[in-house]
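Here is how the chains run, residue by residue.
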Amino acid sequence: MTVDLRERLAQAHDRATLSAATTGLASGSLEPRLAERLARRLAELALPADFRVLLLGNHTLDPLARFTTAAAFCQNIVVAAEVGPFDQHMQVLLDPSLGLADQAPDAIFLSLELDRLLPALPHGLVQLDTTARSNLADEALAAVTSWVETAKSVTGATLLIGNFWRPVRSHLGLADLQLQGGEAALYATLNLRLLETFADDPKVHVVDLDHAVATAGRRAAESPRMRHMAKLAWAEPALPEIGDLLARYVAVLVRPPKKCLVLDLDNTLWGGVLGEEGPDGIRVGEGDPVAEAFSAFQRAIKGVQGRGVLLAIASKNNRADVEEAFRLHPEMPLGLADFAATRIDWQPKHQNIRAIAAELEIGTDSLVFVDDNPAECELVRQMLPEVEVVQLPRDPAAYAGLLLDLPSLERLVISAEDRRKTEQYREQAARAAVRVEAGDIETYLTSLETVVTIWPATRAELVRVQQLFAKTNQFNLTTKRYKLPEIERFLASPEWRLEVVAARDKFGDLGIIAVLLLELGGDTIRVDSLLMSCRAMGRGIETVVANRIKAIARSRRPKGRLVAEFRPTAKNKPAADYWRRQGFVLDVTEDDGTQRYTLTVAEAREIPCPAITVDQPLIEGEETLEPQAG
Amino acid sequence: MNPKLAEVMADILEVKPGDVSRETVRDGHPTWDSFNHLRLMTAIEEEFGVQFSMDEIESIETAGQLDDLLGGYLAAA
């Protein structure tokens with residue numbers, strides 16, 4: 001099979017053929033020679049890169065560049081991986097002649113081998129007293145933090161910082177663990193301090209090289225000959241694992257994240273067929289290896305949910321049986337309440353999957369569907385090609401690992417909103433129930449007791465703001481996908497005003513649900529971006545935000561005008577009529593469908609929103625210079 | 001030239017077995033770079049059950065030299 005694949009790779013002369021040759025190949029399963037061949041093939045084809053990464057460090061990184069490229073391509077991402085000059089990670093940042101600006105990397109990976117960074121540290125441990133040891137550890141850490149600080153001042157690239165990986169042998173052998181502050185303690189301390197140092201920095205991610213090397217096998221990863229002859233830190237057997245790890249970061253940075261995991265029930269969440277075995281006959285829980293494998297899978301699903309991924313059920317069963325099964329098995333890690341949407345009936349799966357997406361107000365392209373049945377998987381692949389389909393293998397023991405390996409469910413950070421996601425959707429369902437009871441819309445909206453808070457964004461909201469820019473599709477007037485460096489620039493610049501909108505109601509806290517970005521020109525205020533999470537749409541917050549824009553304009557440019565645009569996409573129809581409804585006047589519709597609107601500030605009128613309590617700071621700034629008109 | 005050696009070289013250097021001969025030279029070869037050289041030597045060691053020294057590995061400049069070095073080890077075994 002491998003040989004066949006090599007031939008197919010060698011014959012591939014375009015991206016499509018190459019993709020076909022690697023289809024179904026998990027990146028982690030690329031054996032070294034195959035990965036080398038794939039990477040060389042990709043270099044020859046010179047495909048336009050989706051992502052540029054620069055590898056820097058104090059050891060040879062060229063092979064890792066190829067493995068990263070190969071692993072990323074197995075996820076259908078073309079990565080251009082450049083390797084900086086050996087042991088000149090600081091010079092690359094500071095010396096323009098080394099070409100950092102031309103490379104314009106999207107991410108920079110830094111990998112420092114401790115032996116080479118501080119030769120005195122591991123070897124001299126036994127001679128050093130506690131203070132001297134801790135000073136050396138500080139020095140190692142400072143080498144990383146000063147590089148990060150410098151990097152942040154010269155590039156907007158995401159910084160991927162490798163942690164320190166332990167060699168197979170410690171110089172003190174077994175006694176290392178007796179010595180307070182031996183090598184084992186040293187590596188553990190340094191790596192923990194790296195995590196603590198960069199925990200709150202959304203642009204810096206610590207990459208767990210120590211774990212990747214251990215996963216590949218420290219013995220296989222270490223080749224003294226390769227080290228002495230080529231300054232290679234990792235021998236070939238470890239490279240697929242480390243390349244795969246970097247490719248995972250690339251995938252999360254390049255692709256919009258999947259938002260919901262849609263699960264089958266029989267032989268997926270539990271063993272056996274509910275309709276045949278009955279609610280007490282299914283296998284899940286403890287005491288039998290098959291049951292335990294399904295429990296382990298459910299715990300893995302629960303873990304994925306904790307990242308902010310919603311769960312849903314699409315199952316052909318009688319709903320009453322399913323409810324009974326969950327009631328009879330309280331030992332199951334998952335309960336019915338964990339699922340934000342359920343479709344348990346006899347409709348075809350693709351229809352139910354579509355219905356789940358509609359209910360959760362997300363696109364079908366943000367779903368991952370998991371089923372053990374090949375026919376159901378095939379149906380969904382054909383009817384909804386945008387859905388990522390995961391067909392489970394025969395052995396339930398392999399389920400949990402398969403799920404936790406999926407790159408599409410990875411997140412780099414988990415915000416407070418993510419942690420509460422399922423709860424928020426449940427509250428949403430409760431709100432919908434009130435809507436049905438309430439009948440007339442004003443009564444309903446008032447009954448929600450919505451409180452909206454608006455404030456100028458600070459660094460504390462950076463991650464959430466970036467997430468909203470990345471993920472919001474429906475209520476998004478211009479769909480500009482700003483990344484962190486740009487957002488930071490908006491925060492810092494007096495010409496830009498970035499505000500965030502949070503909402504809560506009697507059912508719970510929706511968190512930060514909208515972002516507003518204004519550019520303050522001479523006599524014009526331009527609405528660059530306005531976007532709102534779909535779960536906050538349709539309750540009048542849209543109008544509260546427009547009122548805010550008008551209030552800002554009145555205080556900052558009372559004699560000026562507001563300009564705004566709507567740029568149509570495949571998904572933002574719900575926002576198409578927004579500016580007109582808020583009193584803006586359509587100036588022109590361009591060839592690409594972009595609609596440009598204006599509103600003279602003197603004529604701007606806030607539209608009352610009696611159902612909502614608004615809590616917003618006064619607009620600081622130029623009131624004293626240009627007294628408010630009227 | 002040892003035909004098995006030619007096969008291993010062709011595989012690592014990604015050329016046709018017929019394109020490898022004793023006259024193949026490392027300097028200027030499109031795929032016989034320093035990293036592939038180390039991969040090649042490791043692959044030969046595994047294939048033939050021999051072990052080269054670091055000096056020997058560094059000294060190899062042509063396929064002919066490699067063939068002779070390997071031949072010497074195999075004859076001594």
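Calculation notes
- Residues numbered from 1 in each chain as written.
- Chains lettered and ligands numbered in written order.
- Predicted model: local features only at pLDDT ≥ 70, side-chain atom pairs only at ≥ 80, totals over all residues.
- Core = buried A, V, L, I, M, F, W, Y, C linked by C-beta atoms within 7 Å.
- Buried ≥ 20, exposed ≤ 12 C-beta atoms within 10 Å, placed from the backbone.
- Helix = DSSP H or I, 4+ residues; strand = E, 2+ residues; numbered from the N terminus.
- Contact = placed C-beta atoms within 7 Å.
- Axes fitted to C-alpha atoms, helices over the stretch in contact; angles between N-to-C directions.
- Parallel < 35°, antiparallel > 145°, perpendicular 65-115°, else oblique.
- Left-handed = near helix turned anticlockwise from the far one by under 90°.
- Nonpolar A, V, L, I, M, F, W, Y, C, P; charged D, E, K, R; others polar.
- Domains from an automatic or database assignment.
- Expected span 1.5 Å × (residues − 1).
- Arc of directions from axis to C-beta.
- Pairing = 2+ DSSP bridges.

Chemist: How should I be thinking about the nonpolar core in this particular structure?
Modeler: In a soluble, globular protein the nonpolar side chains are often hidden away together inside. Residue and element names in this part refer to chain A. In this structure, I108 and I242 are the most contacted members of the largest nonpolar core, which totals 80 residues. A total of eight residues in this core trace back to one element, the largest contributor, which is helix α14 (residues 239–254). Apart from residues lying up to four places away in sequence, I242 is in contact with L64, F67, L209, A212 and W234. Core analysis: the next-biggest nonpolar cluster, separate from the first, contains 53 residues, I487, A503, I552 and I612 among them.

Chemist: Any chance you could explain the packing of helix α18 (residues 349–360) of chain A against helix α19 (residues 374–383) of chain A here in plain terms?
Modeler: Angle between the axes and distance between the axes: these two values describe a pair of packed helices. Residues and elements named next belong to chain A. One can describe the packing of α18 onto α19 by two numbers: an axis separation of 9 Å at closest approach and a directional angle of 60°. On the basis of the axis angle, α18 is oblique to α19. Note on packing geometry: the crossing formed by α18 with α19 is right-handed. Taken together, the residues of α19 that come into contact with α18 (itself represented by K349, H350 and I353) are E376, L379, V380 and M383. Here the residues of the contact of α18 with α19 are counted per class, giving four nonpolar, one polar and two charged.

Chemist: In this structure, what is going on with the domain arrangement of chain A? I would like to understand it.
Modeler: It is common to give the size of an interface as the accessible area that goes away when the parts come together. Each domain of chain A was delimited in the assignment, giving domain 1 (2–254), domain 2 (260–409) and domain 3 (439–615). Domain 2 of chain A and domain 3 of chain A are separated by 37 Å when their C-alpha centres are compared.

Chemist: What is the right way to look at helix α10 (residues 183–198) of chain A in this model?
Modeler: Residues and elements named next belong to chain A. With 16 residues, α10 should reach 22 Å at 1.5 Å per residue; the first-to-last C-alpha distance of 23 Å fits that figure. Along α10, the residues that are buried comprise E183, L186 and L194. For α10, the arc enclosing every buried residue in end-on projection is 70°, short of the 170-degree limit, so these residues lie on one face. Exposed residues on α10 whose side chains face more than 90 degrees from its buried face are L192, L195 and E196.

Chemist: Mind showing me how you'd approach the interface of chain A and chain B here?
Modeler: With 10 residues of chain A in contact, the opposing surface of chain B contributes seven residues. The set of elements that each furnish at least two residues to the side of chain A that touches chain B consists of α3 (32–45), α4 (62–73) and α13 (224–230) of chain A. A total of five residues in the side of chain A that touches chain B trace back to one element, the largest contributor, which is α13(A). Here the residues of the side of chain A that touches chain B sort into four nonpolar, one polar and five charged.

Chemist: What is the right way to look at the sheet that holds strand β7 (residues 310–315) of chain A in this model?
Modeler: Strands in a sheet are paired, the pairing made by backbone hydrogen bonds, and the direction either parallel or antiparallel. All names here are of chain A. The strand order β8-β7-β6-β9-β10 describes an open sheet built from five strands, whose pairing is parallel. Edge strands, defined here as strands with exactly one partner in the open sheet, are β8 (341–344) and β10 (388–391). Shown here is a sheet whose adjacent strand axes are inclined to one another by a mean of 20°, direction ignored. Here strand β6 (residues 260–263) runs beside strand β9 (residues 367–371); their pairing, made up of four bridges, is parallel. Paired with L261 across the bridge in β9 is V368.

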